[in-house]
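Here is how the chains run, residue by residue.
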Amino acid sequence: MAEAVRDALLLLAWLSPGYPVGAYAYSHGLEWAVEAGDVCDEASLRDWLADVLAHGAGRNDTILAAHAHRAAAAGDAPALAAVNHLALALAPSRELHLETSQQGRSFLDATAAAWPVPPLAALSAGLDGPVAYPVAVGLAAGAHGIARATMLSGFLGAFVQNLVSAALRCAPIGQSAGTRVVAALTPRVAALAQEVESLGLDALGTATVRLDLGSFRHETQYTRIFRS
């Protein structure tokens, strides 16, 4: 029981909006979706996020986080590096590569400084370049002995909440509507976290072509408040 409480408290701290990773600066293409009219109300936001979860980065990043956790728990530095290279290569645009690599490096540096443990220090030493965000979270959780299932649920839940927070700033959606969207997607988050825990890397793949193209268009969008 004490271990489960410790795991939950660590994840609450690491995945909170106040953690110094700059998550508030990224919308994962949502700002362009609002500009294009794809997201214009509560229902369209819910549907857009559901697609990102099931067919996009939500699913992919959770698989990558699971494999990073597995490698970290085993102390397998080559496997961890391979997962990180794959995660970075899968970013479909410059902005989305920046989103994952900037947050990943910031997360790893902040966590190693505030919650240092020998396995985290040893494995981080092999990741001296860009680090994908899901790999950084999986590494930290594995090095600290946090249960993989707990980490995956927290990671995916935070992914949804961060995008809902972005929607509140760039779409005509209020806080009550955003809260309802989070509540509606919570069962999907729980089911997806459980589903991907045992999947191999060959299960990676996305089908969010409009989001990917939108991330390219966002680079030259006339007015924007987010970096992706």
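Our structure's up above, just so we're on the same page.
Computed from a prediction, not measured in an experiment: that's the story for all the values here.

Thresholds, definitions, all that
- Residues numbered from 1 in each chain as written.
- Predicted model: local features only at pLDDT ≥ 70, side-chain atom pairs only at ≥ 80, totals over all residues.
- Heavy atoms only, no water.
- Patch = residues over 30% accessible without salt bridge, like charges linked within 9 Å, V, L, I, M, F, W, Y side chains within 5 Å.
- Areas by Shrake-Rupley, 256 points an atom, 1.4 Å probe, with all protein chains shown as cover.
- Salt bridge = Lys/Arg side-chain N within 4 Å of Asp/Glu carboxyl O.
- Helix = DSSP H or I, 4+ residues; strand = E, 2+ residues; numbered from the N terminus.
- Buried < 20%, exposed > 50% of the residue type's maximum accessible area, 1.4 Å probe, protein only.
- Phe/Tyr/Trp six-rings, centres within 6.5 Å; stacked < 30°, edge-to-face > 60°.
- Core = buried A, V, L, I, M, F, W, Y, C linked by side-chain atoms within 4.5 Å.
- Contact = heavy atoms within 4.5 Å.

Asks: Explain a nonpolar patch on the surface to me, and be specific about the residues and the numbers.
Replies: On the surface, V5, L9 and L12 cluster together to form a nonpolar patch covering roughly 300 Å² of accessible area. Within the secondary structure, L9 sits in helix α1 (residues 2-14).

Asks: Account for the pattern of salt bridges, with residues named and values stated.
Replies: Counted according to the given criterion, the structure contains eight salt bridges. R210 is paired through a salt bridge with D38; the nearest N and O atoms lie 2.6 Å apart. In this pair, R210 is assigned in helix α11 (residues 209-218) and D38 in the loop between α2 (30-36) and α3 (42-55), connecting sequence segments 172 residues apart. Assessed through its relative accessible area of 46%, R210 is described here as partly exposed. Taking the shortest distance from any N to any O, the salt bridge between E197 and R148 comes out at 4.0 Å. Within this pair, whereas E197 is found in the loop between α10 (175-196) and α11, its partner R148 is found in helix α9 (residues 148-170), the two being separated by 49 residues in sequence.

Asks: Can you tell me about the packing of aromatic side chains, naming the residues and giving the values?
Replies: Under the criterion given, the structure shown has six aromatic pairs. When the ring of W14 is compared with that of F107, the centres are 5.9 Å apart and the planes differ by 90°; the resulting orientation is edge-to-face. Here W14 is found in helix α1, whereas its partner F107 is found in helix α6 (residues 94-114), with 93 residues between them in sequence. Residue classification places W14 among the buried positions, given a relative accessible area of 1%. On the basis of an interplanar angle of 85° and a centroid distance of 5.9 Å, the ring pair of F107 and Y133 is categorised as edge-to-face. Within this pair, whereas F107 is found in helix α6, its partner Y133 is found in helix α8 (residues 133-143), the two being separated by 26 residues in sequence. Its relative accessible area of 15% is what places Y133 among the buried residues. Feature note: the residues W14, Y19, F107, W115, Y133 and F155 constitute an aromatic cluster, connected by ring pairs.

Asks: How would you summarise the nonpolar core if you had to cite specific residues and measurements?
Replies: Generally speaking, a soluble globular protein has its nonpolar side chains buried in company with each other. Membership of the largest hydrophobic core comes to 72 residues, with the highest contact counts inside it found for W14, W48, F107 and M151. Setting aside chain neighbours within four positions, we find F107 in contact with W14, Y19, V21, Y133, A136, V137 and A140.

Asks: Account for the environment of V21, with residues named and values stated.
Replies: With respect to the secondary-structure elements, V21 resides in the loop between α1 and α2. Apart from the residues lying within four places of it in its own chain, the contact partners of V21 are Q102, Q103, S106 and F107.

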